[in-house]
Structures are given as C-alpha cells and as structure tokens.
Amino acid sequence: MEFEAVIGLEVHAQLLTKTKIFCSCKNEFGAPPNTNVCPVCLGMPGSLPVLNKRAVEYAVKAALALNCKINRYSVFARKHYFYPDLPKAYQITQYELPFAENGWVEIEKSDGTKKRIRIKRIHMEEDAGKTIHGEGFDENSYVDLNRAGTPLIEIVSEPDISTPEEARLYMQKLRDILVWIGVNDGNLEEGSLRCDANVSIRPKGSKELGTRTEIKNVNSFRFIQKALEYEIERQIKVVKSGGKVVQETRLFDSQKGITKTMRTKEEAEDYRYFPEPDLPPLIIDDEWLESIRESLPELPDQVKERFISDYGVTSYDASILVREKELAEFFERAAKAYKGEAKRVANIIISDLLGVLNEAKLDISDSPVTPEGIAGLLTLVDNGTISIRVAKEEVLPEMVRSGKSPEVIVKEKGLVQISDESALREVIKKVMAGNEKAVKQYREGNEKQKQKAVKFLIGQVMKETKGKANPRLLNELIPKVLEEG
Amino acid sequence: MRLTREEVLHIAHLARIELKEEEVEKFREQLSEILTFVEKLNELNTEGIDPKFQVIPAENVLREDIPGMSLPREKVFMNAPETDGEYFVVPKVVKK
Amino acid sequence: MELLNKSLRELGNLIRKKELKPSELLETLLKRIEETEEKLNAYITVTEEEARKRVEVADRELEKLSEDEIPELFGIPISIKDNINVEGVRMTCASKILKDFISPYDATVVKRLRERGAIFIGKNNLDEFAMGSSTETSYFGPTRNPWDLERVPGGSSGGSAAAVSARSALASLGSDTGGSIRQPASFCGVVGLKPTYGRVSRYGLTAFASSLDQIGPITKNVEDAALLMNIISGQDSKDATSAKVPVPDFLSSINGEVKGLKAGLPKEYFVEGIEPEVKEKVFEAVKRLESLGIEFEEISLPHTAYAVETYYIIAPAEASSNLGRFDGVRYTYRAKDYKDLIDMYKKTRAEGFGDEVKRRIMIGTYTLSAGYYDAYYLKAQKVRTLIYRDFEESFKKVDFIVTPVSPTTAFKIGERTDDPIKMYLSDIFTIAVNLAGLPALSMPCGFDSSGLPIGIQFIGKAFDEETILKVGNALEKELKLNTLPPL
C-alpha cells in the first residue's frame, strides 16, 4: 500500500519593530539578559499592554504580501498556560478573530512545476522569553525575559503541503518574502523565524485525513525537511505494522535526526482562551489599509517576471537576482546604466561579482562596486579596451578591493589591451617564428589539429604580451597570418 | 452543578494550586454551591444577544514605535525569589 | 482633630496662605494614626519616615513659593489602598504571596497626585486581592469599623474607608470592582466614588477583574472627592482602556443647580431583603432631594436579579487569569520545599493565597475551561449586555438613579465568613454598576438605631460624574450629618 503525507505548517515570524508589541522596551537580539524589560513585559502587578502601531503595519504588510484578506475588525485574546518564560501566565494572541485570512504563496519545485500553498490565517501575538536549562547536575533553569513581548505574526497554512521538500520550499518562500518587504530579518539561528509542523499520512488517493502529530520548533530549512522525512516514515512504519498513530506533540532531535514524544493528547493544555479585556478591538479601516498597501514594494515574483520579460534574463538567473531585494535593485540599476544586453549584466553579477563579494565577506548592500561600475566594466570590454577575462579576473576584484572605477583601474594598472592590428601582427610573427611545430601542425593538420594549433599560438601570444592582447582579435588574426604564409 | 472530586483536582491542577486532602471536599462543596448559584443565568434567553466583553468604545489605541525607559537591573531583581544577578532562577520542569 | 476634620480644599488654602506647615499637618495625622491603629488595623504599611522626609522638603520649598505657585495638594498626606503601586513602598494586596513586594514604579494616579504636591502616608488594608466585601480576608488581619469595633468596615477598600472615617487618613484612593469603594464607604459613613470605567487610569492597579476595576476617591465629603477626581482623571497612554473623554472641572461643578434634575428609583432595588431602617433613611433622603427640586419617578432595571450571578462568573474568570502571574518566579513569595517546577508553582500558590482567592481562581478557571466557556463566561457576558441595556433605557428618562448602597448596615466580624454566597449578596446594589461601567457615588444619608451609618447611592450616566457629585454635594449640605465616629 502506498501512502501520501498531508502537512500543514505554523510559522512564527518576529517583526522588525524598534520596540516590543505591548511596551516600549527595545526589540533587540543579543542584549545582556533581563536588560530590555519593564513592568509590562515582566508581567508585574498593575501593568497593562498598549499595542505598537508599527507592529500592526508590518503585520498587515506581511499579510498583503501573502495575498491575504485583511479583517477590518480583529480581537486580541488571552491564551493561558504556566511556564517560567511566560510572565503573565498568559500570552496575548488572537484567537477567534485574527486580522488576516485566506492567503496563499506559490512555490517552485525542483522539477520546475509550481504549486500554490494556501494560508488559512495570520494573527498577531507576543513572544515569550527564553528559558535556559542547566546542564549536568544543575537542577535549575534560567529565565531571560528580553524576548518576552517581541511582536510575532503566526502564519498558519492549510494542509496543502504534500512532501518534506515542499515544506522546506514553502518556509523558504515565506522567509524570502518577509525579508524582502522588510518586516523580518530572516535570521533563523537567532530565532527570527520558527516553525511547527503538523503531519499525518493516508493511503494514496484517499480523501480522509489520518491522525496527525505536531512537531515543534524546527528551526532550520534543512531540519524541517529532515524532521518531516523521519516522521512520515515513522508513521508509515507504525501503520504498516498494524498500529495506530497517536495524536501527540513531538520534538525533533537534530543530533539523532529523529522525533520523540513531548506530550500526548491527554496532557494537552487547556488554554482557556477569552477576549483580552485590556485591549480594544483592532480596527483597520480602508484608509489605513490603503496606505499600508501603497507602502508595499513590488514583490519578488513580480520582479522576477519583469526581469525575464523586460530584460531578457533567464528564469534561473532571475530567481537568483530576486533572492535579495538589494541584489535585484543593484541588477536593475546596472542594467539600466548599461546600453547593451541585460543578460550580460546578470551574468557578470551572478557568476563573478557575488563570488568576489562573498570572499571579501561583503553583502551586496555593502558592495564597493556600484551598478554603474558594472555597466562601465562591460562597456570597456565591448569597446575592446580590455578582454572579458581581464575584466572578470583582474579589474573586477580590484574594483571590490579598492572601490575605484573600472576606467581608473585599467588606466592605473595599464591593462588596456593591445588591439592594434599591426602591433599584434608583429607579436604573432615573432611567436610563429619560435613555434615551428605549431605552425606545421596548422599547415598540415586536419580541422581539429588546426584549432588546437591556433589555441596554442593564442596562448603563446598572450604570454608574450602579458595577457594584454585582445583575444577576440587574435582569434581572427592568427589564422589569417598563418594563411598568409 | 455538583462537581466531582476529580473535577476539583483537575481545576486545581489547571490553576497550579495544590489542595491538601482535607481541603478537597470543602472546596468541592463550596465550588458546587457557587456554580449552582450562578447557573440561575440559564433562566434567561440570550439568543441573538451579543456579549459585552468591554464597556469601552471600539476605537484603536496605539503606541508609536519609539523606545522608552526599561527597568534598571536592580529594580528587575528587587523582588526576585531567586536570581544569579542576570537571570531569574527556577527549578527545572522535571528534576532528575 | 479640628485640623483633621477639614476638607482638602481648606487644608490646601491654609498651606497656601502659609498658615499651616505640611509638617504640622503630618504630625497631627501621624498622632491620630498612632491613637487609632491598634483598634482599627486600617493600614498595612505606614510610610512614616518617607513622609517625614518629604514633608521636611515641602516645608522648606513652601517658604520660597508664592501662593499661586503652590499646587492644590502641596504637602497633604493621602493614603492609598494596598493594591495600587507606590514606588519604593511595599505593596502586599493583603496577601502572603506579595508580603514583601516593593513596588518598582508608581501607578499613574499616584504620579498625578505627586505632581500636585501630595505626599503618601501609607497603604490601606483590603480584602486579599480586593476579593471580598468585609476586609476579613486580609493576610494582615481584618480592619474594624470605627463606628463599632466588633463590626466590619465593609470591603474590599475597608482600610481606606475606616481610616478616612476615623480621620486617620485625610483622604484615600480605593478600588471598586463590584462595590469595593461604595460599600465600605456606606458602612463607615464616608463618601466613595466609583468613576465611569475608563475615566481613571488603571495602570498600576493590581488587576482583579480587568473589565470592571476602577480606582476612585474615598473622602470625608463630596467636595474632596471632586477635588481628587480633578487630579486623577483623564486618559493615560499607558492604559488602553482609559477614555479619550475630556475632564471637566468637577470641583466647580458640584455647586451647580440640582433643581429640575430627574431621578429614577428602580423598583427591583426596593424589594424584600433590605433592612427597614436602611429603606427608611434612603427614602428620607429622597424626600430631601425632592424638596430641592429633583423629580423622582419609578424606573425598572429588569435584569437586576441576575447581576450578582453575572458578576460571579465574569469577575472570577478575569481574576483567575490576572492572578496567574503570581507564581513564585519573578517577584513573589516562593514555597520553601518543592521537588520541581510544577510542584513549586502549586505549593507557592497554595501557601501564598487565602481561601477566598483560591475559590475565585478555581471558579474562574472552571468557567473558562474547555467545554464550559460558552455555558458560563460567554453566557454571562450576554446577560451583561442585557443589564447594560437596562441602564441605557432608563437613562433616556432620568438623569441619575437612586438606590441604597447595601441591604444592611455593617455586619459583625465573622458573621458571613462561612457562607461565601451570603457574603456575595451584600454587593447586590453595587454590582450592576460595574457591569455597565457607570459612575456611582456612595454617601452617608443617616444612621440606624445602633448608630451605624447608612449609605445612599447615586448612579450616573457614563462620564457624567458631575451630576452625581452635584446631587451628593447638595444632599450633604441639606443633611449636615455628623460623620465623626465616637472612636
């Protein structure tokens, strides 16, 4: 019997506001423990929450970018449980009336096909603090409440995901979009994005849903895929051996690559939700919604399509260029500054610039090379001043190192290539004189041998001219000279 | 509404309050009485009535995203039952 | 005693004219506290040292300031119910679980009083976490009624009411969730005002039932209540439930004309169960108000009979949620012996909370739990809508509503502690007001044959504290009661 998996993901994304969602403490990662706290996020008696306007705007921005319908009226609720890093013993979240619903995201699978994953709802809530468990004989846990109160949006998908690969792609897509619009920093190691997965199996083709398990807090793209792969197989094994899948919450052990039971349904929490009395309902009117919609930048998918249709970039290259907003912007500026084919701009950026920047540990946004510089570099190649090889291997790295323009570098380093035909002929003749074997091979050999000979001679001329000979011209000239006898 | 012993123990667990054996029966009686008392509301037909969770107007009250004063460490830990100066110290969920 | 009998305005004037030094006032008050505290137990903490320091500074500053530079409460000591945060001062909420808690910040109302020059004399006793109607559930022992030391002062703001009554406080701030300012005010023969929900910031008030709580003044006369309202009212950016409504000058409006006002007498409030003398005195007061030109008519608040039940679902539910934070982790008492985290929680809360608090937490937890939310909490909130509408309808016909505050005068200590429901029913006239979020004033209108004070309640339209203060002031001037207990 063949099985298929049904997967739904709940992704928690922190919002890049300056302050927490319900108080004015700083929203920052890595501060010394318990220094960004106040009576409100410490849950002290008498404290009250007040909603951060920008948190709402970022949340709505994210929901719009994920094609959701925004509810004009939404309500905050209290979700109760006891844990040391939950200061009020309840989390302020949204329950019956979230602010956004019915969205979707499109993923592109490795086989090129596209799939739409629907988003059931998005709601706003506050993050809890961090509990660090003592090691070895230490019987204590240590609580840091800096993170308590960080604004979060929880993105809940429909169970449209069918494979672990799709799950990973979905999460990556969410991340890319959220980072693109500037509401999240995409930093999974710091916990900016966290994921819980719900997974069940069923006989292939069946419409009924099997019993599902929840896998909590899987915090890397790789692990999401691994955890799901393991869990699906585990469930299949259980069913095949005649057993039943138990509805439970499981944790992924990344070291061992397995999931293990955290708590069963019987131990499941009763959250005792009720509407938050300390906060009025949230009203997002048409005016506010429109102004937020207007502040949305063009989204990656649209930009990608535009690069393909307007700039003739390949789909593959376009995907790479829209991985980062700054990169897409860089490309577009360079393409506009360059009078030739944008494809070449894309190529030099992707194959060369990114590599050099990476080695220098620089981001595209810190690039010493400007888009205009790239355009200039390609122009120098076009008008024969330098060869493409020199451009990529010598000038570009120097541009990154020194920040100087390509024109200046070519001048300073004397890299102007030799394109003067008569000068080149001189060198060719010299090289021919010193390499009779190759000349003979050309004159007496077949096509293949002729090509080999030309190549060899080009190499010798390059050596002779210290790489400055214009290789394009050489390609034409050498056979010509050889023919001329 | 008469609560059973198990229900009382379950509620006490949800509320994280330990009940001494002698107390369970006392609370069971009192809570049952109170629940019976409040169940009088079932006499009223509230079909079609919206709940009034708050008596405030439906209007946004929002805060600008500007950092304010946080509490200095001394005040944060001033009343802490156990701290190491940086963290609040609590017993582990399950001790070995 | 003469000094302590003066109104805040009179004291303010004396200080402004430099005829009275803040230190003199303080010392007189401290002496009175010393005389009465053993009998009354109205204070959990008296901040003698701190008050003396501040008053020393006030004395010096007074010499440099001109009359109109001196704010209205300059150097005047005010006491605060011990569930409101005063920075640097112990706040216990009358509970073992907070017995050593030092407030790290000022409540907004405290900050506003400070800005007008007030100094703080101490924290008044209350029922534990404000849950009660007699101040008998306090971890620090009951407060006694200055009119009869064998009787309760009412609750939960019993300490505040008793102190103001005995003149061991000049004025106090209390809190009211189901009658906790108004009922003790009536038992102790003082004035208590619960403002409209949202009129006064709750920031800094330890939450009991978030959709019902309000802070309000407890004073010896109506004028003082109006003066304090001027200072503490107004929207607070730290409290999202505080209203954007402008604050009128309550003090100047209390002398306005009451002739022509229409008052309602809800027929459901005058049925069986009220002590005859209470009914009598309230009706006498009604007659006096009629003689001042106020027109009375009968109105109906049909869902009155369900108010207490509604309250005893909503309030404990919200309380169970609000008291979860007292868990032994960050700032409370923590049990000494426990095996692990959950055990620590359970023992801390078992040892730290008293029985009434436990009862309410458990009822609240039950009514919010899976499967019961609709039948209890949701249902109660729907009935609340009906109660709210009752008042809305009535206020189309009348400007304010008159009722007794409590069916009885102060009962004996220990009389109702074994019967939670009997205790709950003492709130029967005050509770609906919190459910509807309306303002209400409680003031003395007479005494019973044992000499115990009887209170009358005026319920106003939302944000119309002016009318009820005006009426209260007029009645006070009419009755000219001697409200000084023979202590």
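How each quantity is defined
- Residues numbered from 1 in each chain as written.
- Chains lettered and ligands numbered in written order.
- Predicted model: local features only at pLDDT ≥ 70, side-chain atom pairs only at ≥ 80, totals over all residues.
- Heavy atoms only, no water.
- Helix = DSSP H or I, 4+ residues; strand = E, 2+ residues; numbered from the N terminus.
- Rg over C-alpha atoms; globule rule 2.2 N^0.38 Å.
- Buried < 20%, exposed > 50% of the residue type's maximum accessible area, 1.4 Å probe, protein only.
- Expected span 1.5 Å × (residues − 1).
- Contact = heavy atoms within 4.5 Å.
- Polar contact = N/O pair within 3.5 Å; in protein donor to acceptor, adjacent residues only side chain to side chain.
- Buried area = accessible area lost by both parts, 1.4 Å probe.
- Salt bridge = Lys/Arg side-chain N within 4 Å of Asp/Glu carboxyl O.
- Nonpolar A, V, L, I, M, F, W, Y, C, P; charged D, E, K, R; others polar.
- Pairing = 2+ DSSP bridges.
- Axes fitted to C-alpha atoms, helices over the stretch in contact; angles between N-to-C directions.
- Domains from an automatic or database assignment.
- Phe/Tyr/Trp six-rings, centres within 6.5 Å; stacked < 30°, edge-to-face > 60°.
- Patch = residues over 30% accessible without salt bridge, like charges linked within 9 Å, V, L, I, M, F, W, Y side chains within 5 Å.
- Areas by Shrake-Rupley, 256 points an atom, 1.4 Å probe, with all protein chains shown as cover.
- Lys, Arg positive; Asp, Glu negative; His and termini not counted.
- Charge placed at Lys NZ, Arg CZ, Asp CG, Glu CD.

## With respect to the overall build of chain B
Helix and strand content of chain B: 3 helices and 2 strands. Going from the N terminus to the C terminus, chain B shows its helices and strands as α-α-β-α-β. A compact globule built from 96 residues would reach a C-alpha radius of gyration of about 12 Å, whereas chain B, at 23 Å, exceeds it by more than 25%. With the C-alpha coordinates of chain B rotated into their principal frame, the extents come out at 55 × 50 × 20 Å. Evaluated residue by residue, chain B yields a buried proportion of 44% over its 96 residues.

## Side note on helix α15 (residues 471–484) of chain A
Residue and element names in this part refer to chain A. An ideal rise of 1.5 Å per residue puts 20 Å on 14 residues; α15 measures up with 20 Å between its terminal C-alpha atoms. Taken together, the buried positions of α15 are occupied by L474, L477, I478, V481 and L482. Elements in contact with the buried residues of α15: α12 (421–434), α13 (436–444) and α14 (447–464). Sitting at the head of α15, N470 places a side-chain oxygen 3.1 Å from the backbone nitrogen of R472.

## Quick look at the interface of chain B and chain A
The interface is formed by 36 residues belonging to chain B together with 53 residues belonging to chain A. Considering only the surface of chain B that becomes buried against chain A, R63, D65 and K92 of chain B emerge as the three largest contributors, covering 21% of it. Taken together, chain B and chain A are joined by 2 salt bridges. There are 24 residue pairs in polar contact (both at pLDDT 80 or more) connecting chain B and chain A. Broken down by secondary-structure element, the contributors of at least two residues to the side of chain B that touches chain A are β1 (62–63), α3 (73–77) and β2 (88–91) of chain B. Considering only residue class, the side of chain B that touches chain A consists of 20 nonpolar, 4 polar and 12 charged. Two strands pair when backbone bridges link them, and strand β10 (residues 140–144) of chain A and β2 of chain B are joined in this way by 4 bridges, in the antiparallel orientation. Bridge pairing in β2 of chain B links S141 of chain A to V90 of chain B.

## Comments concerning the sheet that holds β10 of chain A
The strand order β9(A)-β10(A)-β2(B) describes an open sheet built from 3 strands, whose pairing is antiparallel. Unpaired on one side and paired on the other, β9 (130–133) of chain A together with β2 of chain B mark the two borders of the sheet. Strand-to-strand, the axes of this sheet are offset by a mean angle of 30°, without reference to chain direction. The sheet contact formed by β9 of chain A and β10 of chain A spans 4 bridges and is antiparallel. Paired with H133 of chain A across the bridge in β10 of chain A is S141 of chain A.

## Some remarks on the pattern of salt bridges
Residue and element names in this part refer to chain C. Here the structure, examined in full by the defined rule, presents 72 salt bridges over all chains. A salt bridge links E50 to R54; the shortest N-O distance between them is 2.8 Å. Of this pair, E50 and R54 are both found in helix α4 (residues 48–64), 4 residues apart, which corresponds to roughly one turn of the helix. Note on E50: relative accessible area 32%, which makes it partly exposed. R54 gets classed as partly exposed once you look at its relative accessible area, which sits at 39%. The shortest N-O distance in the salt bridge between E280 and K281 comes to 3.9 Å.

## Considering the domain arrangement of chain A
As far as domains go, chain A holds domain 1 (3–291), domain 2 (298–413) and domain 3 (421–484). If you average the C-alpha positions of domain 1 of chain A and of domain 3 of chain A, the two centres end up 66 Å apart.

## What about the interface of chain B and chain C?
At the junction of the two partners, chain B supplies 54 residues and chain C supplies 71 residues. Ranking the residues of chain B by area buried against chain C places F37, L41 and K52 of chain B at the top, with a combined share of 12%. There are 7 salt bridges connecting chain B and chain C. Our count for the chain B to chain C interface comes out at 22 residue pairs in polar contact (both at pLDDT 80 or more). Elements supplying a minimum of two residues to the side of chain B that touches chain C: α1 (5–14), α2 (21–38) and β2 of chain B. The residue makeup of the side of chain B that touches chain C, split by class, is 32 nonpolar, 6 polar and 16 charged.

## Focus: the packing of aromatic side chains
A full pass over the atoms with the stated rule returns 31 aromatic pairs over all chains. The interplanar angle of 75° and the centroid separation of 6.2 Å between the aromatic rings of Y142 of chain A and Y87 of chain B together place this pair among those described as edge-to-face. Residue Y142 of chain A is located in strand β10, and its partner Y87 of chain B is located in the loop between α3 and β2; the two belong to separate chains. The exposure class assigned to Y142 of chain A is buried, which follows from its relative accessible area of 18%.

## With respect to the environment of L73 of chain C
By the element assignment, L73 of chain C lies in the loop between α4 and β2 (77–81). C-alpha of L73 of chain C to C-alpha of G354 of chain C: the two residues are 281 residues apart in sequence and 37 Å apart in space.

## A closer look at a negative patch on the surface
A cluster of acidic residues, E29 and E33 of chain B together with D418 and D419 of chain C, forms a negative patch on the protein surface. Considering the arrangement of structural elements, one finds E29 of chain B in helix α2. Accessibility expressed as a relative area gives 45% for E29 of chain B, which makes it partly exposed.

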